[in-house]
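Observations on the three-dimensional arrangement
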Amino acid sequence: MRDWSPASAVRWLFASEQGKTDGLLPRWIFLRALGLIYYSAFFSLAFQIRGLIGPQGILPANEYLRAVAEQFGRAGYWYAPTLLWLSNSPHMLTGICWVGMITSVLLVLNLWPRGMLAICFVCFLSFISAAQDFSAYQSDGMLLEAGFIALFFAPRGFRPRWGEASPPSRASWFLLVWECFRIYFESGVAKMVGGDPEWRNFTALDEYYQNGPLPTWIGWYLQHWPHRFHAATVFGTLALELVLAWMMFLPRRFRIACFCIVTPWQLGIILSANYTFLNYLVLALGFLLLDDKVLQRFLTERWKSKFPAGQEVKPVAEASSEKNWRDTLDKQWAAVKLAVTAVMLAWIFYVTAVQLVWMMKPVELPTPPISALEPLRIANRYGLFAMMTRGRYEIEFQGSDDGQKWLVYPFRFKPQDPAKAPGIYAPYQPRFDWNLWFASLSTWRQDPIVPRTEQALLRGSPDVLLLFAGNPFPKAPPRQVRAVLWQYWFTTPEEKHAQGLWWRREQLGLYAPTLEREEDGRIVVLQWPAMMEPRE
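Think of each chain on its own: its residues are numbered from 1, step by step along the sequence as written. Where local features are concerned, this predicted model is filtered to residues with pLDDT of at least 70; where side-chain atom pairs are given and counted, the filter is 80 or more; whole-chain, interface and lining totals use all residues. Think of the side-chain values as coming from all heavy atoms in the structure, minus any hydrogens and water.

Moving on, we come to the overall build of the protein chain. Numbering of helices and strands runs from the N terminus; a helix is a DSSP stretch of H or I covering at least four residues, while a strand is a stretch of E covering at least two. A tally of helices and strands in the protein chain yields 23 helices and 6 strands. When the backbone C-alpha atoms are referred to their principal axes, the protein chain occupies close to 90 × 55 × 55 Å. Buried positions account for 51% of the 536 residues belonging to the protein chain. By the convention used here, residues are in contact when the closest approach between their heavy atoms is within 4.5 Å. Taking as baseline every contact in the protein chain between residues at least 6 positions apart, the subset at least 24 positions apart corresponds to 75%. The cut-offs for exposure are 20% and 50% of the maximum accessible area for each residue type, with area from a 1.4 Å probe on protein chains only; residues under the lower value are buried, those over the upper are exposed, and the others partly exposed.

Take a look at the structure:
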């Protein structure tokens, strides 16, 4: 009979139970996928980070950290936990990306998984904590949350192979599945309580493929499918998020069925829209719904012979009273690690559970645990596409030396040339292009990245220019820069066949003030934008 004393219950939940193992293959796959996702995040940052938050970037980290220090004093180190407090030079920014890429590759190679996960987490958090508007994405919180919990989920050791010596604890597995569940369920709740009538009228996806941040060419074709397809997709989305997601907590057969539903669903989203690494992470979390018995069927004979299927791992013998002080110290250290694990995982579960409850009903519950974890972004609330955008708007930067002839700064990823097919870039994350989509739905006063980009272009900042696909002023910066707002629509099949265009567009006017650089280097406003109708 199992001992259900408090100490035994804690060990049963939070300790790596020695003995017969299961769940090794799902963990192995998930950690390899997590390493690849981390790599994609750092790889995309390596080309952008200096233009985003470098000293000559759009939102310099040094200015932000200085403001945090002035307002919070030493508490600012916790408010913005980042290695950039040590140095925020261009070399430090680039170094964080390279260290993150190297450690993520080592994680994929299964070398000291816990150590590599810790380094990846610290490096990514260092960027997120100082990136300001460029880190306001739910996908960043998803990765930090999964990466932190994975520290307790990963096997110990430098070269753990399958990790049979330290199988995953029940609590760490549950919290990762809990995160996957919340991504679905909280998004469904947000759609219902958000008040957007398009979800209730089954019209939310009629123009979804066109109006998202970075469409794909596959989305162009899906956009022209009949309304009944889009209405059925809305129904499927709500059914999956609000009902089918609960299968993750049911017995084995239901979890396997849930995996078979959510996996093709995520693959469809990946092909029809560019949501960076978000869907790849949800896809990887889905593998935790499986077990070794299912996945062993897909192993080659060579790998099957090496996999410890059905093997019994002998428990470590308890130390006798005659053991020396090192054995006693090891036992005490193991007890400390178990206590820390229990506190952290229980803390994350409390915070995430409270936030889920608050989405449906305001209940008075203690908030200090929630506030304390907020800077780390490891216990988040999700709610994808609670409100659907009603149109597609694009901000375009143009420069001129005489105010008459305006040359366009070409983007790397955003729709711009009507004849260019929208590509598939995910999991690569072009944060500058992505943020401009959000900016287009608000005003330049609400989103400072647009006028700050104009100023950087007038200065000829090489770091900011690298965020674009080219520089129309290679010899010297222009004297004037303006930001023009366009509205875009997918062309009809007839228009595409006749003209070869993927987009049609209409210029709406200036988005932000036109700026001019005078002879003495001062930047002044040349023209203010007219008032525009609100955009949703």
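Attention shifts here to the pairing of strand β1 (residues 392–400). Of all 9 residues in β1, 9 are buried, a share of seventy percent or more. Side-chain alternation along β1 places R392, E394, E396, Q398 and S400 on one buried face and Y393, I395, F397 and G399 on a second face that is also buried. Pairs of strands are assigned from DSSP output, requiring at least two bridges between the strands. Of the strand pairs in this sheet, β1 and strand β3 (residues 480–490) are connected by 9 bridges, and their pairing is antiparallel. Bridged to F397 within β3 is A483. Judged from the 2 bridges that link them, β1 and strand β2 (residues 407–408) form a sheet pairing that is antiparallel.

Our next topic: the nonpolar core. Working definition of a nonpolar core: buried Ala, Val, Leu, Ile, Met, Phe, Trp, Tyr and Cys residues. They are joined through side-chain atoms within 4.5 Å. Membership of the largest hydrophobic core comes to 152 residues, with the highest contact counts inside it found for F30, F124, F397 and V450. Per element, the largest residue contribution to this core is 12 residues, and it comes from helix α9 (residues 170–193). In contact with V450, not counting residues within four places along its chain, are I395, F397, L436, A439, A483, Y511 and A512.

For the rest of this paragraph, the subject is the packing of α9 against helix α15 (residues 278–286). Interaxial angles span 0 to 180 degrees and are taken between N-to-C directions of axes, which are lines fitted to C-alpha atoms, for helices over the stretch in contact. In the contact formed by α9 and α15, the axes pass within 9 Å of each other and the chain directions differ by 130 degrees. Classified by the angle between their axes, α9 and α15 sit oblique to one another. Like other packed secondary-structure pairs, α9 and α15 cross with a definite hand, here left-handed. Side by side, α9 and α15 meet where L176, E179, C180, I183 and Y184 of the first sit next to V282, L285 and G286 of the second. Under this grouping Gly is polar, as are all residues other than the nonpolar Ala, Val, Leu, Ile, Met, Phe, Trp, Tyr, Cys and Pro and the charged Asp, Glu, Lys and Arg. Residue composition of the contact of α9 with α15, grouped by class: 6 nonpolar, 1 polar and 1 charged. For classification purposes, angles smaller than 35 degrees are called roughly parallel, those larger than 145 roughly antiparallel, those between 65 and 115 roughly perpendicular, and all remaining angles oblique. By the definition used in this description, the sense in which the near helix is turned from the far one sets the handedness, with an anticlockwise turn below a right angle giving left-handed and a clockwise turn giving right-handed.

Before going further, it helps to spend a moment on the packing of aromatic side chains. Here the aromatic set is Phe, Tyr and Trp, taking the six-membered ring for Trp, and pairing holds for ring centres within 6.5 Å; pairs whose planes are under 30 degrees apart are stacked, those over 60 apart are edge-to-face, and all others are tilted. One pass over the full model with this rule turns up 51 aromatic pairs. Aromatic side chains W437 and F438 sit 4.9 Å apart centroid to centroid with 75 degrees between the ring planes, which places their arrangement in the edge-to-face category. Looking at W437, the relative accessible area reads 7%, which means it is buried. For F438, a relative accessible area of 37% corresponds to the partly exposed category. Measuring from ring centre to ring centre gives 5.7 Å for Y488 and W503, while their planes differ by 80 degrees; the resulting arrangement is edge-to-face. Taken together, the positions of Y488 in strand β3 and W503 in strand β4 (residues 503–510) put the pair 15 residues apart, joining distant regions of the chain. Taken as a pair, Y488 and W503 share a single burial class, namely buried. The criterion is that NZ of a Lys, or CZ of an Arg, lies within 6 Å of the ring centre and within 35 degrees of the ring normal, and then a charge sits over that ring. If you follow K191 out to its NZ or CZ, it ends over the ring of W199, 5.0 Å from the centre. When the ring centre of W486 is taken as origin, the NZ or CZ atom of R505, which lies over that ring, is 3.7 Å away.

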